[in-house]
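# Overview (structure and organization)
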Amino acid sequence: MVAMNGLSLSELCCLFCCPPCPSRIAAKLAFLPPEPTYSLQSDESGSKFQISLTDRAEWHYSERERENVEGFFTRTSRGNRIACLFVRCSENARFTILFSHGNAVDLGQMSSFYLGLGTRINCNIFSYDYSGYGVSTGKPSEKNLYADIDAAWQTLRTRYGISPENIILYGQSIGTVPTVDLASRYEVGAVVLHSPLMSGMRVAFPKTKRTWFFDAFPSIDKVPKVTSPVLVIHGMEDEVIDFAHGLAIYERCPRAVEPLWVEGAGHNDVELYGQYVERLKQFVSVELVN
(Lines give C-alpha, C1' and ligand atoms only; values in the text may rest on other atoms or scores of the structure.)
Protein backbone atom coordinates (compact mmCIF):
# COMPACT_ATOMS: atom_id res chain seq x y z
CA MET A 1 0.00 0.00 0.00
CA VAL A 2 1.16 3.53 -0.80
CA ALA A 3 1.12 5.76 2.28
CA MET A 4 0.14 9.44 2.18
CA ASN A 5 0.68 11.70 5.21
CA GLY A 6 1.26 8.60 7.30
CA LEU A 7 -2.00 6.86 6.31
CA SER A 8 -2.36 3.95 3.93
CA LEU A 9 -4.40 4.32 0.75
CA SER A 10 -7.18 2.16 2.18
CA GLU A 11 -7.33 4.27 5.35
CA LEU A 12 -7.47 7.47 3.29
CA CYS A 13 -10.29 6.09 1.17
CA CYS A 14 -12.18 5.18 4.32
CA LEU A 15 -11.72 8.65 5.77
CA PHE A 16 -12.68 10.63 2.69
CA CYS A 17 -15.52 8.39 1.53
CA CYS A 18 -17.02 8.38 5.01
CA PRO A 19 -15.09 10.85 7.16
CA PRO A 20 -15.77 10.53 10.88
CA CYS A 21 -17.05 13.67 12.56
CA PRO A 22 -15.19 14.89 15.65
CA SER A 23 -18.05 13.98 17.99
CA ARG A 24 -17.96 10.36 16.80
CA ILE A 25 -14.19 10.15 17.22
CA ALA A 26 -14.63 11.66 20.69
CA ALA A 27 -17.35 9.23 21.68
CA LYS A 28 -15.41 6.22 20.41
CA LEU A 29 -12.10 7.13 22.03
CA ALA A 30 -12.85 8.99 25.16
CA PHE A 31 -16.21 9.02 26.84
CA LEU A 32 -17.06 6.10 29.11
CA PRO A 33 -18.90 7.66 32.06
CA PRO A 34 -19.52 5.10 34.82
CA GLU A 35 -22.70 4.77 36.84
CA PRO A 36 -22.55 7.63 39.39
CA THR A 37 -20.72 6.66 42.58
CA TYR A 38 -21.90 9.65 44.62
CA SER A 39 -24.64 12.19 45.18
CA LEU A 40 -24.56 15.77 46.44
CA GLN A 41 -27.02 16.54 49.22
CA SER A 42 -27.71 20.20 50.01
CA ASP A 43 -28.05 21.78 53.43
CA GLU A 44 -30.97 23.97 54.43
CA SER A 45 -29.50 27.01 52.68
CA GLY A 46 -29.26 25.13 49.41
CA SER A 47 -25.81 26.58 48.69
CA LYS A 48 -23.61 23.97 50.35
CA PHE A 49 -23.60 20.29 49.56
CA GLN A 50 -22.26 17.23 51.34
CA ILE A 51 -20.98 14.39 49.21
CA SER A 52 -22.57 11.01 49.81
CA LEU A 53 -20.51 8.13 48.42
CA THR A 54 -21.57 4.66 47.33
CA ASP A 55 -19.48 1.58 48.09
CA ARG A 56 -18.01 1.73 44.60
CA ALA A 57 -16.37 5.06 45.42
CA GLU A 58 -14.04 3.20 47.80
CA TRP A 59 -13.45 6.04 50.29
CA HIS A 60 -10.24 5.23 52.20
CA TYR A 61 -10.45 7.81 54.96
CA SER A 62 -12.53 8.60 58.03
CA GLU A 63 -15.87 10.40 58.14
CA ARG A 64 -14.12 13.33 59.81
CA GLU A 65 -11.74 13.67 56.88
CA ARG A 66 -14.71 13.72 54.53
CA GLU A 67 -15.60 17.10 56.07
CA ASN A 68 -12.64 18.49 54.10
CA VAL A 69 -14.53 17.75 50.87
CA GLU A 70 -16.96 20.45 49.75
CA GLY A 71 -19.33 19.79 46.88
CA PHE A 72 -21.49 22.17 44.83
CA PHE A 73 -22.78 22.83 41.33
CA THR A 74 -21.92 25.42 38.72
CA ARG A 75 -23.44 26.21 35.33
CA THR A 76 -21.55 26.10 32.03
CA SER A 77 -21.93 28.45 29.07
CA ARG A 78 -23.65 25.58 27.23
CA GLY A 79 -26.35 25.30 29.89
CA ASN A 80 -25.19 22.19 31.72
CA ARG A 81 -25.01 21.97 35.51
CA ILE A 82 -21.74 20.34 36.51
CA ALA A 83 -20.71 18.96 39.88
CA CYS A 84 -17.57 20.35 41.54
CA LEU A 85 -15.47 19.29 44.53
CA PHE A 86 -13.05 21.33 46.57
CA VAL A 87 -10.77 19.06 48.61
CA ARG A 88 -8.98 20.98 51.34
CA CYS A 89 -5.82 18.96 51.92
CA SER A 90 -3.58 21.52 53.61
CA GLU A 91 -3.98 24.65 55.72
CA ASN A 92 -0.86 26.27 54.29
CA ALA A 93 -1.03 25.15 50.66
CA ARG A 94 0.27 27.74 48.20
CA PHE A 95 -1.14 25.99 45.13
CA THR A 96 -4.55 24.64 44.25
CA ILE A 97 -4.72 21.98 41.54
CA LEU A 98 -7.55 22.22 39.02
CA PHE A 99 -7.79 18.50 38.22
CA SER A 100 -9.43 17.17 35.04
CA HIS A 101 -9.78 13.41 35.52
CA GLY A 102 -9.70 10.48 33.10
CA ASN A 103 -12.52 9.00 31.07
CA ALA A 104 -14.04 6.10 33.02
CA VAL A 105 -14.25 7.61 36.53
CA ASP A 106 -16.24 10.26 38.37
CA LEU A 107 -15.68 12.52 41.37
CA GLY A 108 -16.79 9.86 43.84
CA GLN A 109 -14.15 7.42 42.64
CA MET A 110 -11.47 10.12 42.55
CA SER A 111 -12.20 11.69 45.95
CA SER A 112 -9.88 9.45 48.00
CA PHE A 113 -7.10 9.85 45.45
CA TYR A 114 -7.46 13.65 45.57
CA LEU A 115 -7.19 13.77 49.35
CA GLY A 116 -4.19 11.44 49.38
CA LEU A 117 -2.33 13.20 46.59
CA GLY A 118 -3.01 16.71 47.86
CA THR A 119 -1.87 15.80 51.37
CA ARG A 120 1.37 14.29 50.08
CA ILE A 121 2.34 17.20 47.81
CA ASN A 122 0.83 19.98 49.98
CA CYS A 123 -1.79 21.22 47.50
CA ASN A 124 -5.52 21.69 47.71
CA ILE A 125 -7.44 20.07 44.86
CA PHE A 126 -10.45 21.37 42.97
CA SER A 127 -12.12 19.05 40.47
CA TYR A 128 -15.31 18.72 38.45
CA ASP A 129 -17.29 16.12 36.55
CA TYR A 130 -17.66 16.58 32.82
CA SER A 131 -21.13 16.97 31.33
CA GLY A 132 -22.79 13.55 31.49
CA TYR A 133 -20.45 12.24 34.21
CA GLY A 134 -21.43 11.66 37.84
CA VAL A 135 -24.34 13.94 38.69
CA SER A 136 -23.45 16.54 36.03
CA THR A 137 -26.19 17.11 33.44
CA GLY A 138 -25.85 17.04 29.65
CA LYS A 139 -23.89 14.68 27.43
CA PRO A 140 -20.13 14.24 26.97
CA SER A 141 -18.76 16.03 23.92
CA GLU A 142 -15.64 17.89 22.87
CA LYS A 143 -17.38 21.28 22.99
CA ASN A 144 -18.79 20.49 26.42
CA LEU A 145 -15.31 19.55 27.67
CA TYR A 146 -14.07 23.07 26.93
CA ALA A 147 -17.17 24.69 28.43
CA ASP A 148 -16.89 22.46 31.51
CA ILE A 149 -13.32 23.46 32.34
CA ASP A 150 -14.08 27.12 31.65
CA ALA A 151 -16.91 26.98 34.21
CA ALA A 152 -14.66 25.19 36.71
CA TRP A 153 -11.90 27.77 36.16
CA GLN A 154 -14.23 30.74 36.67
CA THR A 155 -15.76 29.13 39.77
CA LEU A 156 -12.35 28.44 41.30
CA ARG A 157 -11.33 32.03 40.67
CA THR A 158 -14.52 33.66 41.99
CA ARG A 159 -15.78 31.32 44.74
CA TYR A 160 -12.37 30.81 46.35
CA GLY A 161 -10.54 33.93 45.16
CA ILE A 162 -7.49 32.01 43.97
CA SER A 163 -5.13 33.86 41.64
CA PRO A 164 -3.99 32.25 38.36
CA GLU A 165 -0.35 32.13 39.48
CA ASN A 166 -1.43 29.87 42.38
CA ILE A 167 -3.36 27.42 40.19
CA ILE A 168 -1.83 24.27 38.71
CA LEU A 169 -3.83 22.75 35.87
CA TYR A 170 -3.63 18.95 35.98
CA GLY A 171 -5.09 16.80 33.20
CA GLN A 172 -5.08 13.02 33.03
CA SER A 173 -5.75 11.13 29.78
CA ILE A 174 -8.87 12.72 28.22
CA GLY A 175 -8.55 15.39 30.94
CA THR A 176 -5.42 16.68 29.21
CA VAL A 177 -7.64 17.90 26.34
CA PRO A 178 -9.53 20.63 28.25
CA THR A 179 -6.40 21.30 30.31
CA VAL A 180 -4.30 22.12 27.25
CA ASP A 181 -7.13 24.19 25.79
CA LEU A 182 -7.43 26.33 28.93
CA ALA A 183 -3.66 26.60 29.38
CA SER A 184 -3.32 27.86 25.80
CA ARG A 185 -5.61 30.78 26.71
CA TYR A 186 -4.56 31.64 30.28
CA GLU A 187 -1.19 31.79 31.99
CA VAL A 188 -1.24 29.82 35.24
CA GLY A 189 1.20 28.70 37.90
CA ALA A 190 1.94 25.45 36.09
CA VAL A 191 0.49 22.61 34.04
CA VAL A 192 0.74 18.84 34.51
CA LEU A 193 -0.15 16.62 31.54
CA HIS A 194 -0.52 12.99 32.63
CA SER A 195 -0.77 10.51 29.72
CA PRO A 196 -1.67 13.19 27.16
CA LEU A 197 -2.86 12.54 23.61
CA MET A 198 -1.83 14.48 20.51
CA SER A 199 -5.29 14.24 18.91
CA GLY A 200 -8.14 11.80 18.45
CA MET A 201 -7.11 10.79 14.93
CA ARG A 202 -3.56 10.12 16.06
CA VAL A 203 -4.88 7.69 18.67
CA ALA A 204 -7.24 5.94 16.23
CA PHE A 205 -4.71 5.97 13.35
CA PRO A 206 -1.20 6.01 14.87
CA LYS A 207 0.46 6.78 11.52
CA THR A 208 -1.35 10.12 11.20
CA LYS A 209 1.17 12.93 10.67
CA ARG A 210 -1.10 15.96 10.39
CA THR A 211 -4.30 17.36 11.91
CA TRP A 212 -7.30 16.72 9.66
CA PHE A 213 -10.24 19.13 9.60
CA PHE A 214 -12.50 16.50 11.22
CA ASP A 215 -10.04 15.58 13.96
CA ALA A 216 -11.04 15.84 17.61
CA PHE A 217 -8.93 16.96 20.58
CA PRO A 218 -6.08 18.63 18.61
CA SER A 219 -3.88 19.25 21.67
CA ILE A 220 -0.70 18.94 19.63
CA ASP A 221 -1.61 22.17 17.81
CA LYS A 222 -2.43 24.03 21.05
CA VAL A 223 0.53 23.18 23.30
CA PRO A 224 2.90 25.63 21.56
CA LYS A 225 0.64 28.41 22.90
CA VAL A 226 1.02 27.26 26.52
CA THR A 227 3.24 29.82 28.26
CA SER A 228 3.26 28.21 31.72
CA PRO A 229 5.77 25.58 32.95
CA VAL A 230 4.61 22.12 31.86
CA LEU A 231 5.41 18.75 33.42
CA VAL A 232 4.58 15.79 31.16
CA ILE A 233 4.09 12.35 32.74
CA HIS A 234 3.63 9.17 30.70
CA GLY A 235 3.93 5.43 31.18
CA MET A 236 6.34 3.96 28.65
CA GLU A 237 4.18 0.84 28.20
CA ASP A 238 0.89 2.74 27.83
CA GLU A 239 -1.49 0.48 25.89
CA VAL A 240 -4.24 3.12 25.43
CA ILE A 241 -2.34 6.29 24.49
CA ASP A 242 1.08 5.35 23.18
CA PHE A 243 4.14 6.84 24.86
CA ALA A 244 4.90 8.60 21.54
CA HIS A 245 2.03 11.01 22.31
CA GLY A 246 3.57 12.15 25.58
CA LEU A 247 6.96 12.56 23.93
CA ALA A 248 5.53 14.65 21.07
CA ILE A 249 3.55 16.86 23.46
CA TYR A 250 6.67 17.38 25.58
CA GLU A 251 8.73 18.39 22.56
CA ARG A 252 6.14 21.01 21.53
CA CYS A 253 5.83 22.70 24.94
CA PRO A 254 7.79 26.00 25.03
CA ARG A 255 8.41 25.79 28.80
CA ALA A 256 8.53 22.05 29.41
CA VAL A 257 10.40 20.95 32.53
CA GLU A 258 12.13 17.60 32.97
CA PRO A 259 9.41 15.02 32.14
CA LEU A 260 8.61 11.83 34.01
CA TRP A 261 8.76 8.76 31.78
CA VAL A 262 7.77 5.77 33.90
CA GLU A 263 9.38 2.58 32.64
CA GLY A 264 7.05 -0.41 32.85
CA ALA A 265 3.94 1.68 33.57
CA GLY A 266 0.79 1.47 31.47
CA HIS A 267 -2.15 3.85 31.16
CA ASN A 268 -3.79 3.38 34.56
CA ASP A 269 -0.99 2.55 36.98
CA VAL A 270 1.53 5.41 36.78
CA GLU A 271 0.38 6.62 40.22
CA LEU A 272 1.51 3.31 41.78
CA TYR A 273 5.17 4.02 41.04
CA GLY A 274 7.15 5.83 43.74
CA GLN A 275 8.71 8.31 41.33
CA TYR A 276 5.23 9.70 40.51
CA VAL A 277 4.68 11.45 43.84
CA GLU A 278 8.37 12.29 44.21
CA ARG A 279 8.44 14.06 40.84
CA LEU A 280 5.29 16.04 41.67
CA LYS A 281 6.74 17.02 45.05
CA GLN A 282 9.93 18.25 43.40
CA PHE A 283 7.97 20.19 40.80
CA VAL A 284 5.58 21.86 43.25
CA SER A 285 7.78 22.55 46.26
CA VAL A 286 11.16 23.19 44.61
CA GLU A 287 10.97 24.03 40.90
CA LEU A 288 7.88 26.26 41.03
CA VAL A 289 9.02 28.03 44.20
CA ASN A 290 12.53 28.75 42.91
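About the thresholds
- Residues numbered from 1 in each chain as written.
- Predicted model: local features only at pLDDT ≥ 70, side-chain atom pairs only at ≥ 80, totals over all residues.
- Heavy atoms only, no water.
- UniProt positions renumbered as here; feature names shortened; annotations may be inferred.
- Helix = DSSP H or I, 4+ residues; strand = E, 2+ residues; numbered from the N terminus.
- Buried < 20%, exposed > 50% of the residue type's maximum accessible area, 1.4 Å probe, protein only.
- Axes fitted to C-alpha atoms, helices over the stretch in contact; angles between N-to-C directions.
- Left-handed = near helix turned anticlockwise from the far one by under 90°.
- Contact = heavy atoms within 4.5 Å.
- Polar contact = N/O pair within 3.5 Å; in protein donor to acceptor, adjacent residues only side chain to side chain.
- Pairing = 2+ DSSP bridges.
- Right-handed = clockwise from strand over helix to strand, strands pointing away.

Per an unreviewed UniProt entry, the protein chain is named palmitoyl-protein hydrolase, and its organism is Laodelphax striatellus. If you open the UniProt record of the protein chain and go to Catalytic activity (unreviewed entry), you find "S-hexadecanoyl-L-cysteinyl-[protein] + H2O = L-cysteinyl-[protein] + hexadecanoate + H(+)". Per its UniProt entry, the protein chain bears the Sequence similarities (unreviewed entry) comment "Belongs to the AB hydrolase superfamily. ABHD17 family."

### Brief notes about the overall build of the protein chain
Of the regular secondary structure elements, the protein chain holds ten helices and twelve strands. Counting the 290 residues in the protein chain, one finds 55% classified as buried.

### Some thoughts on the packing of helix α5 (residues 142-160) against helix α6 (residues 176-183)
In a packed pair of helices, the relevant descriptors are the angle between the two axes and the axis-to-axis distance. Close contact between α5 and α6 brings their axes to 9 Å; oriented N to C, the two are set at 60°. Between α5 and α6 the crossing geometry is right-handed. On α6, the residues touching Leu145, Tyr146, Ile149, Asp150 and Trp153 of α5 are Val177, Pro178, Thr179, Asp181 and Leu182.

### A word on the side chain of Ser199
By the secondary structure assignment, Ser199 is in the loop between β10 (190-194) and α7 (200-204). Among the polar contacts listed, one links the side chain of Ser199 to the side chain of Arg202, at a separation of 3.0 Å. Contacts of Ser199, omitting those with residues within four sequence positions, involve Asp215, Ala216, Phe217, Pro218 and His245.

### Some remarks on the pairing of strand β11 (residues 230-235)
Two faces, one strand: in a regular strand the side chains alternate between the faces of the sheet. Of all the six residues making up β11, six are buried; the element is thus mostly covered by neighbouring parts of the structure. Side chains Val230, Val232 and His234 project from β11 onto one buried face, and the interleaved Leu231, Ile233 and Gly235 project onto a second face that is buried too. Pairing of β10 with β11, which is carried by four bridges, proceeds in the parallel orientation. Each bridged residue has a counterpart across the sheet, and for Val191 the counterpart in β11 is Val230. Examined bridge by bridge, β11 and strand β12 (residues 260-262) share three bridges and lie parallel to one another. Paired with Ile233 across the bridge in β12 is Leu260. In terms of handedness, the path from β11 via helix α9 (residues 243-252) over to β12 forms a crossover that is right-handed.

### Here's the deal with unusual backbone geometry
Although it is not a glycine, Glu58 adopts a positive phi angle of roughly 55°. Along the chain, Glu58 turns up in the loop between β4 (49-53) and α3 (63-66). You can call Glu58 exposed: its relative accessible area is 52%. Even without being glycine, Ser195 reaches a positive phi, approximately 55°. When its relative accessible area of 1% is taken as the criterion, Ser195 is described as buried.

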